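A structural walkthrough
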Amino acid sequence: MRFPQNSGHWLKHRGVLALLGALLLSVTLAGPVFAQLGHAVPGQIGLQDSATPIDTEIRTFYNGILTPIIFAVSIFVGALLLIVIFRFNEKVNPTPSMLTHNTTLEVAWTIVPVLILVFIAIPSFRLLDHELVIPKTDLTVKVTGHQWYWTYAYPSDGFDFDSYIKADKDLKPGDLRQLAVDNEAVVPVNKTVLVQVTATDVIHSFTVPSFGVRIDAVPGRLNQTWFRATKEGIYYGQCSKLCGENHAYMPIAFRVVSDADYAAWLADAKKKFSANALPHYADAAPAVARN
Ligand SMILES: [Cu+2]
């Protein structure tokens, strides 16, 4: 009588193990792709590579502190669950304990999570502080979100331009589908860029993962953030606040170039976008007092 019962029990275990094995194998075979700079790749595991000091801090916080804690908590809770399933099921443990309270245990499982959260909060707030305190900036770019495109203005150079997603039929070799845009914003490498963000219609969100930048674009409000890109390249982002029908089709593209290339682009852009020169950018006249 015992033998068939036991074998059934073990078959079930083997089923669970086989399932776990298959899962592990499929994940391995799927070939996880590690992150790249500037854009996401299919099958990516982890965050995009960082291009700014703030993003490096974010990654250190995420990979060095948050992820290990998440792993430890998941393994601990998973182990407790397995113990309950296998040691305290009805078959193995026919007469259950009638225990309902354990003060020590209740105090422990309240205080331990609080301590874990405090431990996480300290580096998290330090990071937030680094992001919120804007250092001396070299350049200002004003970013305005619209349904469904972005406008980039260079106030000190007196022009702005719109940046739309490239349609599939306009893609050139090397262009990333649904990320490439007609007019990229360009900034010099190793310069601190002040980013002023607003919107004209609904709330959008300006997000560039490799820069570690994400800030809401709110109509009637000017939000500020900053970044200093330390590697040349092209960095993509996307609107990160659901803003209507074409929310998924208003990518953000920043090209980070050398000082010389930036100067060349600036000269070109001034000519190309001269029609967009706005009166309030064009002259450096003292601001008119408003009341
Ligand atoms: Cu959006």
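Located above this text is the structure these notes cover.
The structure displayed is predicted, hence computed values, not measured ones. (Residues numbered from 1 in each chain as written. Predicted model: local features only at pLDDT ≥ 70, side-chain atom pairs only at ≥ 80, totals over all residues. Heavy atoms only, no water.)

Brief notes about the overall build of the protein
On a plain count of helices and strands, the protein comes out with five helices and twelve strands. With 291 residues in all, the protein has 30% of them scored as buried. Contacts spanning at least 24 positions in sequence make up 64% of the contacts within the protein whose residues lie at least 6 apart. A total accessible area of about 18,700 Å² is found for the protein, and carbon and sulfur atoms account for 65% of it. (Helix = DSSP H or I, 4+ residues; strand = E, 2+ residues; numbered from the N terminus. Buried < 20%, exposed > 50% of the residue type's maximum accessible area, 1.4 Å probe, protein only. Contact = heavy atoms within 4.5 Å. Areas by Shrake-Rupley, 256 points an atom, 1.4 Å probe, with all protein chains shown as cover.)

Quick notes on a nonpolar patch on the surface
There is a patch of nonpolar side chains on the surface, built from Val73, Phe76, Val77, Leu80, Ile83, Val84, Phe88, Val112 and Ile116 and spanning about 780 Å² of accessible area. If you list the elements that add at least two residues to the nonpolar patch, you get helix 2 (53–87) and helix 3 (103–132). Here the element with the most residues in the nonpolar patch is helix 2; it accounts for six residues. Among the structural elements, Leu80 can be located in helix 2. For Leu80, a relative accessible area of 42% corresponds to the partly exposed category. (Patch = residues over 30% accessible without salt bridge, like charges linked within 9 Å, V, L, I, M, F, W, Y side chains within 5 Å. Salt bridge = Lys/Arg side-chain N within 4 Å of Asp/Glu carboxyl O.)

Details of the sheet that holds strand 7 (residues 192–199)
Judged by pairing direction, the sheet is mixed, and its five strands sit side by side in the order 5-4-3-7-10 without closing on themselves. Strand pairing shows two members of the sheet lacking a second neighbour, strand 5 (159–163) and strand 10 (223–228), which therefore form its edges. For this sheet, the mean inter-axis angle between neighbouring strands, taken without regard to orientation, is 25°. The sheet contact formed by strand 4 (residues 149–154) and strand 5 spans five bridges and is antiparallel. What sits directly across from Ala153, in strand 5, is Asp160. Against the sheet, helix 4 (residues 259–272) touches strand 3 (139–146), strand 4 and strand 5, its axis set at about 90° to strand 5. (Pairing = 2+ DSSP bridges. Axes fitted to C-alpha atoms, helices over the stretch in contact; angles between N-to-C directions.)

Section: the environment of Tyr236
As for its position among the elements, Tyr236 is in strand 11 (residues 233–238). For Tyr236, a relative accessible area of 8% translates into the label buried. As for Tyr236 and Ala40, which are separated by 196 residues in sequence, their C-alpha atoms are 8.6 Å apart. If sequence neighbours within four positions are ignored, Tyr236 has contacts with Gly38, His39, Leu176, Leu179, Ala180, Val208, Pro209, Ile252 and Ala253.

A short note on the pattern of salt bridges
Tallied over the full model, the rule gives eight salt bridges. The shortest N-O distance in the salt bridge between Lys166 and Asp175 comes to 2.7 Å. Given the relative accessible area of 25%, Asp175 is considered partly exposed. Lys191 is paired through a salt bridge with Asp259; the nearest N and O atoms lie 3.2 Å apart. Taken together, the residues Lys191 in the loop between strand 6 (185–188) and strand 7 and Asp259 in helix 4 connect sequence positions 68 residues apart. For Asp259, a relative accessible area of 43% translates into the label partly exposed.

Concerning the coordination of the copper ion
Taken together, Cys239 (SG), Lys241 (O), Cys243 (SG) and His247 (ND1) make up the protein donors of the copper ion, found 1.9 to 2.5 Å from the metal. Coordination geometry of the copper ion: the four donor atoms subtend angles of 87 to 125° at the metal centre, consistent with an arrangement described as tetrahedral. Positions of the donor residues of the copper ion along the chain correspond to the pattern C-x1-K-x1-C-x3-H. With respect to burial, Cys239 and His247 carry one shared label: buried. (Donors = N, O, S within 2.8 Å, 3.2 Å for Na, K, Ca; no water. Tetrahedral: all angles 85-135°; square planar, octahedral: opposite > 155°, others 65-115°.)

Here we look at the packing of aromatic side chains
All told, the structure shown has 18 aromatic pairs when counted by the stated rule. With centroids separated by 4.4 Å and ring planes inclined at 20°, the aromatic side chains of Tyr149 and Tyr164 adopt a geometry described as stacked. Remark: Tyr164 occurs in the loop between strand 5 and strand 6 and Tyr149 occurs in strand 4; sequence separation between them is 15 residues. A residue is classified by how much of its surface remains accessible, and Tyr149, at 17% relative accessible area, is buried. (Phe/Tyr/Trp six-rings, centres within 6.5 Å; stacked < 30°, edge-to-face > 60°.)

Some remarks on helix 2
Counted at 1.5 Å a residue, the expected span for helix 2 with its 35 residues is 51 Å, and the 49 Å between its end C-alpha atoms agrees. Of the positions making up helix 2, those classed as buried are Ile54, Asp55, Phe61 and Ile69. Looking at the packing, one finds that the buried side of helix 2 touches helix 3 and strand 10. (Expected span 1.5 Å × (residues − 1).)

Brief notes about the packing of helix 2 against helix 3
Relative orientation of the contacting elements helix 2 and helix 3 amounts to 175°, with a least axis distance of 10 Å. Considering their axes alone, helix 2 and helix 3 lie roughly antiparallel with respect to each other. Together, Ile54, Glu57, Ile58, Phe61, Ile65, Leu66 and Ile69 of helix 2 and Ile116, Phe119, Ile120, Pro123, Ser124, Leu127, His130 and Glu131 of helix 3 make up the contact between the two elements. Class assignment of the residues belonging to the contact of helix 2 with helix 3 gives a composition of eleven nonpolar, two polar and two charged. (Parallel < 35°, antiparallel > 145°, perpendicular 65-115°, else oblique. Nonpolar A, V, L, I, M, F, W, Y, C, P; charged D, E, K, R; others polar.)

Functional significance is not addressed by these values, which are geometric in nature.
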